[in-house]
Amino acid sequence: EGMTPPAAGTAGSPVPGDVLVLFGISGDLAHKKILPALYRLAERGELTVPVVGVALTDWDTDALRSHAADAVREVIDDVDDDVLQRFQGLLTLVAGDYSDTATFSRLAEEVRARADATDPFVVHYLAVPPSLFGTVADALASVDLNQRARLVVEKPFGHDLASARALNTELARNYTEDQVFRVDHYLGKESVEDLLVLRFGNTLLEPLWNRTWMDRVEITMAEDFDVADRGSFYDAVGTVRDVVQNHLLQVLAYLMMEAPRSDAADDQRDAKHALLSCVRAIDPDETVRGQYEGYLGVAGVKPGSTTETFVSVVLHIDDWRWTGVPVHIRAGKAMPETLLEIDVVLQAPPRPLFTGADDAVPPANRIRIRLQPDSRITFSVLAKRPGAGDVAEEVPIVVDLRQVLGLAHEPYERIFGDALVGDPAHFARFDTLEEAWRIVAPILDATTTPAPYAKGTWGPTATDGTTASTG
Ligand code: BG6
């Protein structure tokens, strides 16, 4: 529509940003996650460029700077006053409506005034409701801020396969695929990325990582809190869209994919795409949907809503390595604990030579990888119980990675650090996202009533026995 298409040459090798433009800087995500992460980047010298905030607000730049200081202090204990001042100095505000072209003319002026470079490369970060992604992207193009630029969009990317494709087409009018970075903050979690190092940096695990030695995989993402004040957001989304389609399928891809050709972003993304493309669409008959008791009374939740707050599904991967190894995934709100854990259950030895405790068949080996809240690996192995007879007793071999290696960076530090330098590895590529929408399609918008469960339990009883207890 009369807008200049993106210049050739923006693709290819990454271009570092000269300016960061942050849409939604007055919002909740910025408050809780983004501003503290930017402070950390400033502290480490990874953020030195101006940050132009955009929001519909009555704040001015001074108000933004004091809001930013509060946000940083709420999250970070060891704030350094000099760093904080330097960080505040990077911030300015362009206040205005996203549907008003004048906002974008003022933004263009501000970007040119603040950037050191004469033809600055701009990183636009859209921490705004998804319904505004297209509007903002087009408006940026109308003032030529799409040319030397990256467009980073928050989640969710679409509501289903068709709407994701429509959104992608909309963005593609003014941006190439290389310019669009789709956020999934689980890709910014070091414990998730560590799956790659664990699997392909060692030879200890990989020989077991196939249908010959593995019996099944169980992935649990539990949160001990409910939907709180996010009723109207959550009710339109549900657990499958909120955390399975995006976060957990990305975790699955790292856990089960073939070795990437190299550590380069697109080699990793090719391997993830190849894996997801072999995952069968979920069978509603193998799915349990739950809703915690009291959900229907949450503000913003529709009367009689059938939105799930818990789900358990079984994934089947139709490829050479994984045929016959089911992956059980369960996720839910109002569970007894907050954790993200992968349980790899190996096959029993070919012949049972020993008995376990109480004359039972000894349990198969498990490798438990805990990604949240801490980072731990537990190998459960059998060892001989002291005394007469060969009784095989299960013992854990545990390592707490944070204790050994130190604290990981927060996901949004990685996301913004990478967005600034232009490394796409920790962002979702569109083909992968399409596969993820295809996989969950049969269980989106189910109209059957979810099974009720009491808050603080592991979900509806129907899932008992299909997944392991945790702890
Ligand atoms: C978000 C979901 O994407 O991820 C939330 O919208 C969920 O509902 C959150 O609580 C979990 O993220 P984290 O990093 O706290 O595990």
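Residues numbered from 1 in each chain as written. Predicted model: local features only at pLDDT ≥ 70, side-chain atom pairs only at ≥ 80, totals over all residues. Heavy atoms only, no water.

1. Some points on the sheet that holds strand β16 (residues 427–428)
Reading across the sheet, the 7 strands line up as β3-β2-β1-β4-β5-β6-β16 and stay open at both edges, with mixed pairing between neighbours. Strand pairing shows two members of the sheet lacking a second neighbour, β3 (91–95) and β16, which therefore form its edges. As judged from the 5 bridges shared by strand β4 (residues 122–126) and strand β5 (residues 149–153), these two strands associate in the parallel manner. Pairing of Val122 across the sheet is with Ala149, part of β5. (Pairing = 2+ DSSP bridges. Helix = DSSP H or I, 4+ residues; strand = E, 2+ residues; numbered from the N terminus.)

2. Quick word on the environment of Ala446
Topologically, Ala446 is positioned in the loop between α13 (430–440) and β17 (451–453). Overall, the relative accessible area of 25% leaves Ala446 in the partly exposed class. Considered as a pair, Ala446 and Thr306 are 140 residues apart in the sequence and their alpha carbons are 7.3 Å apart. When sequence neighbours within four positions are dropped, the list of residues in contact with Ala446 reads Arg289 and Thr306. (Buried < 20%, exposed > 50% of the residue type's maximum accessible area, 1.4 Å probe, protein only. Contact = heavy atoms within 4.5 Å.)

3. Side note on the nonpolar core
Phe23, Leu107, Ile219, Leu252, Leu315 and Ile342 are the most contacted members of the largest nonpolar core, which has 86 residues in total. At 11 residues, helix α9 (residues 238–256) tops the list of elements feeding residues into this core. The contacts of Phe23, once residues within four sequence positions are left out, are Val54, Tyr98, Phe104, Leu107, His124, Tyr125, Leu126, Ala127, Val128, Val136 and Leu140. (Core = buried A, V, L, I, M, F, W, Y, C linked by side-chain atoms within 4.5 Å.)

4. Brief notes about the site of the ligand
As a structural note, the neighbourhood of the ligand is formed by Lys155, His185, Tyr186, Lys189, Met221, Glu223, Phe225, Arg230, Asp242, His247, Lys333 and Gln372. Contact distances for the ligand include 2.7 Å between an oxygen atom and a side-chain N or O atom of Lys155. At 2.7 Å from an oxygen atom of the ligand is found a side-chain nitrogen or oxygen belonging to Lys333. Relative to its unbound accessible area of 400 Å², the ligand is 79% covered by the protein chains. Within the shell around the ligand, the residues separate by chemical class into 3 nonpolar, 3 polar and 6 charged. (Near = heavy atom within 4 Å. Polar contact = N/O pair within 3.5 Å; in protein donor to acceptor, adjacent residues only side chain to side chain. Areas by Shrake-Rupley, 256 points an atom, 1.4 Å probe, with all protein chains shown as cover. Nonpolar A, V, L, I, M, F, W, Y, C, P; charged D, E, K, R; others polar.)

5. Focus: the packing of helix α6 (residues 161–172) against α13
Closest axis-to-axis distance for the α6/α13 pair is 9 Å, and the angle between their directions is 160 degrees. Viewed along their axes, α6 and α13 adopt a mutual orientation that is roughly antiparallel. Relative to α13, the crossing made by α6 is right-handed. Two secondary-structure elements touch here, α6 through Leu161, Ala164, Arg165 and Asn168 and α13 through Phe430, Glu434 and Trp437. The residue inventory of the contact of α6 with α13, partitioned by class, reads 4 nonpolar, 1 polar and 2 charged. (Axes fitted to C-alpha atoms, helices over the stretch in contact; angles between N-to-C directions. Parallel < 35°, antiparallel > 145°, perpendicular 65-115°, else oblique. Left-handed = near helix turned anticlockwise from the far one by under 90°.)

Just geometry here; none of it tells us what the structure is for.
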